[in-house]
Amino acid sequence: MTDADMNQITVAVYGAYGHTGRFVVAELLRRGLVPVLAGRNGDALRTLAESTPGAEVRQASADDPASLDRALDGVAAVINCAGPFAVTAAPVIEAALRAGIPYVDVAAEIEANVDTFELFAERAGASGAVIVPAMAFYGGLGDLLVTAAMGDWTGADQVHVAYGLDSWHPTTGTRVAGRVSRERRGGRRVRHAGGRLEYRDDRAPAEKWSFPEPTGTRDVVAEFSMADIVTVPSHLDVPEVRTYMTVEAAADVASPDTPAPVAADESGWSAQPFVVDVVVRSGAEERRAVARGQDIYAVTAPLAVEAVQRVLTGRTRAAGVASAGKIFDAADFLRALSPHIVVELDVPPHERAQTG
């Protein structure tokens, strides 16, 4: 299948009426694909359908396999946007396997992504199925940037992914997913060190990170772990993957009083800017990649839909359960995200983070 053949191809969006799901539906339509609106809440689906001409509604629940089978009947792929993914990922993946179609999700939940690799890697690999977890701002974007920055390296000593957000206005879904993750890890924090996930009871360290201008040096919470600590080491030989978050954004997402994102234009995108600064180190050598854009939720839509389009047109490098950096040509994928995400590769050497 080529890009020219994509018109009238149907893609199910599970959780279509959610904050991110709506952006995914809009992106499918923009690219000439036909969204099938799926999810648990029939009323919400029908309301969304009123503003989505030609879209079919298919109500389905993660605890009802027959309803999921009906929701995926005849579609070319499914994008799961319904959290918490600890609840929805496995049932929707099972339904996708039964239907023989690719599965993509936007899960930022570390434990849910670990589950996807552990539970489905063998089966999906044996059958040639395609399952791409964490195809979102957290997880997918970082993995693509790391893979592109590494270039011809197959491994490195350290990977650092620093998120420069002036603020973080979490959605209801983000809050629920965070609560589920905290419960699953017993309130502990998690990091990737020594080639494995470590669960710790101590406080995350405070550091400073030198982002490229105009962001500049900012106070960050180090080991503020996101899905990158699952996606990156799933296919790259990296014993230490560290992620960082600006302290303002970390405080926002932790506060129950922080408001949800607010649309800045008719598209629904917010005006919240971001910069993602990736540094890869091997011995004394260093490579770097930087991505800039706005709205960490809305920008997930072009990431997820580009992934589906590449899978359906055969532009993949792997099958089974595979992160973005493994299954796609990372540098080419990142270029395709313009103008939503502007990426710089091979940027000058980076000043190391300083312990505060």
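Refer to the structure printed above.
Residues numbered from 1 in each chain as written. Predicted model: local features only at pLDDT ≥ 70, side-chain atom pairs only at ≥ 80, totals over all residues. Heavy atoms only, no water.

Judged by pairing direction, the sheet is parallel, and its 7 strands sit side by side in the order 3-2-1-4-5-6-15 without closing on themselves. Each of the sheet's edge strands pairs with one partner strand only, and the pair in question is strand 3 (56-59) and strand 15 (320-321). Bridge analysis of strand 2 (residues 34-39) against strand 3 gives 4 bridges, and the strand direction is parallel. Paired with Gly39 across the bridge in strand 3 is Gln59. Helix 2 (residues 42-50) rests against strand 2 and strand 3 of the sheet, and its axis sits at about 170 degrees to strand 3. (Pairing = 2+ DSSP bridges. Helix = DSSP H or I, 4+ residues; strand = E, 2+ residues; numbered from the N terminus. Contact = heavy atoms within 4.5 Å. Axes fitted to C-alpha atoms, helices over the stretch in contact; angles between N-to-C directions.)

What follows concerns helix 9 (residues 247-254). Where helix 9 is concerned, the buried positions are Ala249, Ala250, Asp252 and Val253. Projected down its long axis, helix 9 shows its buried positions confined to an angular sector of 160 degrees, all on one face. Contacts from the buried residues of helix 9 go to strand 7 (158-165), helix 7 (172-184), strand 11 (217-222) and strand 12 (240-246). (Buried < 20%, exposed > 50% of the residue type's maximum accessible area, 1.4 Å probe, protein only. Arc of directions from axis to C-beta.)

Here the focus is the pairing of strand 11. Burial along strand 11 is one-sided: Arg218, Val220 and Ala222 are buried, while Thr217, Asp219 and Val221, pointing the other way, are not. Relative to strand 11, strand 10 (residues 206-210) runs antiparallel, the two sharing 5 bridges. Bridge pairing links Glu207 to Val220 in strand 11. Joining the antiparallel neighbours strand 10 and strand 11 is a turn of 6 residues, in which Gly216 adopts a positive phi near 75 degrees. Here strand 11 pairs with strand 12 via 3 bridges, running antiparallel. Bridge assignment links Ala222 to a residue of strand 12, and that residue is Tyr244.

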